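Residues per chain are reported as follows:
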Amino acid sequence: MEKSKEKIRQEVFELQKKINKWDEEYYVLDNPSVPDSVYDIEFNKLKKLENEYSHYFSYEELKKSPTQNINGKSLDIFNKVKHDKPMLSLNKAYTIEEIEKFIKNIEKITTKYSFFIEPKIDGLSISIKYLNGKLVQAITRGDGQIGEDVTNNIKQIASIPKEIDYKKNIEVRGEVYLSIDDFNKLNQQLEEQNKPKLANPRNAAAGTLRQLNSQIVKERNLSAFIYYVVDCEYHNLDTIENSFLFLKKLGFQVTKESKKINNISEIEQYIKQFKDTKQHLNYETDGIVIKLNEVKYYDELGYTSKFPHSAIAFKYEPDTAITTLKNIFITVGRTGLVTYNASLEPVELSGSMISFATLNNFQYIEDLNLNIGDLVYIKKAGEIIPCVIGLASVKNKDFDKRFNKITQCPFCNSLLIDSETSLEQYCVNENCPEVKRRKIVHFVSKDGMDIMTIGEKNIDLLLNNNLIKDIVDIYKLKDKKDELLKLERMGSKSVLKILDSIEISKQKTLDKLIFALGIKLIGAKVATFIASKVKILSNFLSFDFNSLIEYNEIGEKIISSLLSWVKEEKNIKLINNLIELGLNLEYQETKQNNKLNNSTFVITGTLSKPRSYFENLIIANGGQISSSVSSKTSYLLAGHDSGSKLEKANKLNINIIDENELLRMLEINK
Ligand code: IVH
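Residues numbered from 1 in each chain as written. Predicted model: local features only at pLDDT ≥ 70, side-chain atom pairs only at ≥ 80, totals over all residues. Heavy atoms only, no water.

Undergrad: For this particular structure, what's the right way to read the overall build of the protein chain?
TA: Within the protein chain one finds 24 helices and 22 strands. Along the three orthogonal principal directions, the C-alpha set of the protein chain runs to about 80 × 80 × 50 Å. Counting only residues that meet the buried cut, the protein chain has 46% of its 670 residues in that class. Looking at the protein chain alone, contacts between residues at least 24 apart form 66% of all its contacts between residues at least 6 apart. (Helix = DSSP H or I, 4+ residues; strand = E, 2+ residues; numbered from the N terminus. Buried < 20%, exposed > 50% of the residue type's maximum accessible area, 1.4 Å probe, protein only. Contact = heavy atoms within 4.5 Å.)

Undergrad: I'm lost on the site of the ligand in this one. Help?
TA: Taken together, 14 residues form the shell around the ligand, and within it Glu118, Lys120, Ile121, Glu175 and Lys291 come nearest. Tyr227 is positioned with one of its side-chain polar atoms (N or O) 3.4 Å from a nitrogen atom of the ligand. Among the secondary structure elements, those contributing two or more residues to the shell around the ligand are strand S3 (115-121) and strand S10 (285-292). For the shell around the ligand, the element with the most residues is S3, which contributes 4 residues. Among the residues making up the shell around the ligand, the classes are represented as 7 nonpolar, 2 polar and 5 charged. (Near = heavy atom within 4 Å. Polar contact = N/O pair within 3.5 Å; in protein donor to acceptor, adjacent residues only side chain to side chain. Nonpolar A, V, L, I, M, F, W, Y, C, P; charged D, E, K, R; others polar.)

Undergrad: Help me understand empty space enclosed by the protein, please; the structure alone is not making it clear to me.
TA: Where empty space is left in the structure can be found by rolling a water-sized probe over the atoms. For the structure on display, the rule yields 1 cavity of 30 Å³ or more. Classifying every residue of the lining of the largest cavity by side-chain character gives 3 nonpolar, 2 polar and 2 charged. (1 Å grid on protein atoms, 1.4 Å probe; cavity = no way out; pocket = protein on both sides within 12 Å on 5 of 7 lines; lining within 4 Å. Points joined across faces, edges and corners; volume = space filled by probe spheres on them.)

Undergrad: Quick question: what am I supposed to make of helix H20 (residues 556-567) here?
TA: With 12 residues, H20 ought to run about 16 Å at 1.5 Å a step, and its terminal C-alpha atoms sit 17 Å apart, in line with that. Restricting attention to buried positions, one finds in H20 the residues Ile558, Ile559, Ser561, Leu562, Trp565 and Val566. The arc enclosing the buried residues of H20, seen along the axis, measures out at 160°, which places them on a common side. Exposed positions of H20 whose direction lies more than 90 degrees from the buried face are Glu556 and Lys567. Buried residues in H20 make contact with helix H6 (180-192), helix H19 (524-534) and helix H21 (569-580). (Expected span 1.5 Å × (residues − 1). Arc of directions from axis to C-beta.)

Undergrad: What is the right way to read the nonpolar core from this model?
TA: Taken as a class, soluble globular proteins show a tendency for nonpolar side chains to be buried jointly. Residues Ile99, Phe115, Ile128, Tyr130, Ile154, Ile267 and Ile290 are the most contacted members of the largest nonpolar core, which totals 68 residues. The dominant element in this core, judged by the number of residues it contributes, is helix H4 (residues 96-107), at 5 residues. Membership of the second largest hydrophobic core comes to 53 residues, among which are Met449, Ile459, Ala516 and Val566. (Core = buried A, V, L, I, M, F, W, Y, C linked by side-chain atoms within 4.5 Å.)

Undergrad: Help me out: how do you make sense of helix H14 (residues 456-464) in this one?
TA: Note that an α-helix has 3.6 residues per turn; residues three or four places apart therefore point the same way. Listing the buried residues of H14 in full gives Asn458, Ile459, Leu461 and Leu462. Taken around the axis of H14, the buried residues stretch over an arc of 160°, which confines them to a single face. Facing away from the buried side of H14 by over 90 degrees, the exposed positions are Lys457 and Asn464. Residues of H14 that are buried sit in contact with helix H13 (433-443), helix H16 (481-486) and helix H17 (492-504).

Here you go:
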């Protein structure tokens, strides 16, 4: 049955409104409220409806739809700059058939074509101009026509060369991103500082690039992949592949996974392979980009107002799924923090079956308006813990049966306490069995004392059999060998392994132990800092923590958390017991490797290993890389067939070294 005209019109206007709102959140506010995959589903729904029922709408009504123009308007902080050439978006394909259609269109013009395939980096696009080899301007995409001048911030990004060995004026484009490692580090820091965490690497990168303080940009370690040279032909670049090689030679970071491909079957193969590869990359991708390799056909193929006909983005199945919220249950963490969790009708998500997801706190459930029985969207956050991210459809209209905020700890029944912001709830009962259990799990964890032979299952086994009650008891297990051997599933080998790894943990350093204690607000980084001041565990209880206030790393909240921790009788006992048991651990400085003392290196000629090997080696030892020889260059690392750079270095009287000399400097034996 065909839906009525009015119904369709209403549905389309609602979708337009919703997508306009999401566009604004994504492009302008850098704060999307829905994942890309949900956006894509709704965007495509709108596009389909507008196509199918275009006769129901006036030209103006369709023209103003978000499917017809790019919505990213700029904020008012940075100077607005018009792009010389607009920065377009890409059309999307979800199936091989859609890619075939894209190729058929190319075949109308030529049969002699190839493709260049690249990961689609999930970051922010940027256009960078070099005049006479110097970086002079960097502009964000903005609405595609006008962007923001973020030159100073872009200059803080180590992987973007400030100078290149190329004198013609050139504009290059690429994507600024935050690596997954750096994103996790940043969130850990924010958590330690009691600040809200960032949703994903893209948001973190966007927020960072908009910082007015360039120092923060530098600290957060943004990176950039460059994938495009504006006006290729002016620079004698006939293919995208050659542009890539050219960019790489100039010292830009390009994606290693990109390659030339000849036909649709190779495209299919790449799509299959990359599905696996992308799970292991240190940057987030939202698909791949397939570009016609031969640039000379680009203008003839033409452009729409939104995208070129010479390239297309392929998107993988969304890593979002829809399933039924079967139940809501509560977990309590080592700090007593209460978490609400969803138990779900099992559903496949990015290759694994998901039956549980986090719901964070009660407010989160209220904000998303969720109720048991409803259909919900779930997503994998940072590839590990799935999270419920939205309500897909209301199934439970019975408002009397809504899920209520809990007031008591489900493990010990004590009354829960609200946090200052009222967002979080805590169980503050010292004897809560769950909090105790989670403390032990944290103590033995990898970043703590790293006693990984005792996993969560073994901890439960030990607790249930009364072999341990707390952390200290772990170190007394060596006197309980016989009881251990009597336990289910415990052979003599595994008992030996466990006891060995407990003994080995006594050789750890003080920072690990301070972190393992699980003191509120003390994450790994702060623990290391505190250890560097406290020096040895026996100083810990009497240490003047107030004296740490002069350091940037430590705020008042951290100090008061430490002060109240060391005042508690049970903690005093714990520390003294640990010392007695042979854990008077000391701080050990990890030496910063700075053998190269910030010297700047330029590399030229053919070397015995890829250039990237030497670049990484130099950077790892505290040196810097530049692409062109200048008076600021400290060393020229020259291989065979070194050309103009060698000449220039000679003229400027710069130290010229070979591979062996570099290895000697680094005290590496070949
Ligand atoms: S080419 C004319 N290549 O995706 C199109 N874009 O949806 C020029 N992106 O605005 C873009 N990785 O921000 C291209 N390897 C890649 C990309 C890439 C990410 C982004 C870029 C662009 C958006 C289009």
